[in-house]
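# Observations on the three-dimensional arrangement
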Amino acid sequence: MLSPEVVDAALLGLLGLLVGSFLNVVIHRLPKMMDLRWAAECAEFQAAAGKQDLPIADVAQPTFNLMVPRSRCPHCGHAIRWFENIPVLSYLALKGGCSACRAPISPRYPVVEAVSAALFAWCGWHWGLGWEALAWSGFAASLLALACIDWDTTLLPDDITLPLLWAGLCAAGLGLSGTPLPSAVWGAVAGYLSLWLVYWAFKLVTGKEGMGYGDFKLFAALGAWFGWQALIPVILMASVVGAVVGIAIKLRGALREGGYVPFGPFLAIAGLTAMIFGPSSILTVIGL
């Protein structure tokens with residue numbers, strides 16, 4: 001007889017697999033959607049200012065969002081059929097390649113699905129089936145998507161960071177996160193202002209931008225979920241892990257153009273660590 005914890009973990013883990021498949025779509029398409037939106041806004045602004053050299057095309061642009069068009073192989077254009085899109089299993093069955101042209105499929109797709117399933121399963125195990133587990137599962141899915149998007153593009157979309165921030169405040173108000181609402185509010189305020197001050201101090205001293213505004217919003221969201229008391233452990237862990245990874249990448253000569261490493265993925269890792277082990281345990285992990 002399976003224990004209730006195992007059943008809850010299995011059910012939420014299955015949900016996590018499905019959500020992970022959707023996260024792959026978000027990770028791939030959301031930055032492209034942002035580029036298209038920015039290009040359209042720039043064209044409209046130039047046209048309104050009388051600086052548009054070429055007329056804006058009257059023909060409607062093809063719809064591109066999280067649902068349309070259907071997923072296709074980027075090499076041959078083969079439309080992905082439903083049975084080729086089963087989380088993890090389809091990748092294994094296809095042996096990591098397109099069924100039409102055999103071009104390799106990035107292993108990150110099944111990895112994201114598996115990590116999402118594991119995080120959801122942990123939430124089910126820890127909180128059981130209920131609103132708390134669903135709230136923290138959504139938190140984990142958001143951080144997973146943000147980490148991958150920021151690593152790929154150095155962008156932390158407002159479409160995810162701001163809802164994550166407000167969700168943390170709402171979860172605190174509803175008693176779903178275990179964080180008192182006043183602590184969540186001050187956590188959001190302190191999280192944003194602390195990195196904002198670091199940003200401007202670094203820019204005044206060096207004349208360069210050390211991080212983006214998305215990092216402020218993500219840290220504010222973590223403050224909303226965990227409270228202001230967790231901010232120091234979270235930022236310490238993110239900084240230590242980021243420094244170690246950055247040094248390793250530099251030694252390998254694999255730094256991207258500009259010579260920097262995005263900070264968002266390490267904030268996300270610290271946030272997930274705080275969710276699983278608790279913010280105070282982070283200080284023990286990093287030896288403080």
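Structure's up top.
Since this is a predicted model, take the numbers as computed values, not measurements. (Residues numbered from 1 in each chain as written. Predicted model: local features only at pLDDT ≥ 70, side-chain atom pairs only at ≥ 80, totals over all residues. Heavy atoms only, no water.)

Let us look at the side chain of S21. Topologically, S21 is positioned in helix α1 (residues 4-48). Judged by relative accessible area, which is 14%, S21 ranks as buried. Setting aside anything within four residues of it in sequence, one finds S21 in contact with N85, P87 and E113. (Helix = DSSP H or I, 4+ residues; strand = E, 2+ residues; numbered from the N terminus. Buried < 20%, exposed > 50% of the residue type's maximum accessible area, 1.4 Å probe, protein only. Contact = heavy atoms within 4.5 Å.)

Glancing now at helix α4 (residues 131-153). Taking 1.5 Å as the rise per residue, α4 with 23 residues should run 33 Å; its terminal C-alpha atoms sit 33 Å apart, in good agreement. A positive backbone phi angle near 60° is found at T154, which sits one or two residues after α4. (Expected span 1.5 Å × (residues − 1).)

Turning to the layout of surface pockets, a few remarks are in order. One number sums up the size of the largest pocket: a volume of about 1,200 Å³. Together, 43 residues line the largest pocket, and S71, R72, I80, N85 and Y109 are the ones closest to its centre. Contributing elements (two or more residues each) for the lining of the largest pocket: α1, α2 (89-93), α3 (108-127) and α4. When residues of the lining of the largest pocket are assigned to their parent elements, the largest contribution, nine residues, is made by α1. Residue composition of the lining of the largest pocket, grouped by class: 24 nonpolar, 11 polar and eight charged. Quantified by volume, the second largest pocket comes out at close to 800 Å³. What lines the second largest pocket is a set of 33 residues, among which G210, M211, G212, D215 and P262 lie closest to the centre. Taken together, the elements giving at least two residues each to the lining of the second largest pocket come down to α1, α5 (158-173), α6 (181-206), α7 (213-226) and α8 (231-251). Counting residues per element, the lining of the second largest pocket draws most heavily on α8, at four residues. (1 Å grid on protein atoms, 1.4 Å probe; cavity = no way out; pocket = protein on both sides within 12 Å on 5 of 7 lines; lining within 4 Å. Points joined across faces, edges and corners; volume = space filled by probe spheres on them. Nonpolar A, V, L, I, M, F, W, Y, C, P; charged D, E, K, R; others polar.)

Residue V68 is joined to P69 through a cis peptide bond whose omega torsion reads 0°. Following the sequence through the fold, P69 ends up in the loop between α1 and α2. Non-glycine residue V88 carries a positive phi angle of around 65°. Residue placement: V88 occurs in the loop between α1 and α2. Positive phi outside glycine occurs at R102, with the angle close to 65°.

Once that is clear, we can look at the packing of aromatic side chains. Both the distance between ring centres and the angle between the ring planes are used here to describe each pair of aromatic rings. Scanning the entire structure with this criterion turns up 15 aromatic pairs. Ring geometry for W122 versus W127: centroids 5.4 Å apart, planes at 85°, classification edge-to-face. Owing to a relative accessible area of 21%, W122 belongs among the partly exposed residues under this scheme. For the pair W136 and F226, a centre-to-centre distance of 5.5 Å together with 35° between the ring planes defines the contact as tilted. Separated by 90 residues along the polypeptide, W136 in helix α4 and F226 in helix α7 bring together distant segments of the chain. Accessibility classification places W136 together with F226 in one group, the buried group. One aromatic cluster is present, built from ring pairs that chain together W122, W127, W136, F139, W225 and F226. (Phe/Tyr/Trp six-rings, centres within 6.5 Å; stacked < 30°, edge-to-face > 60°.)

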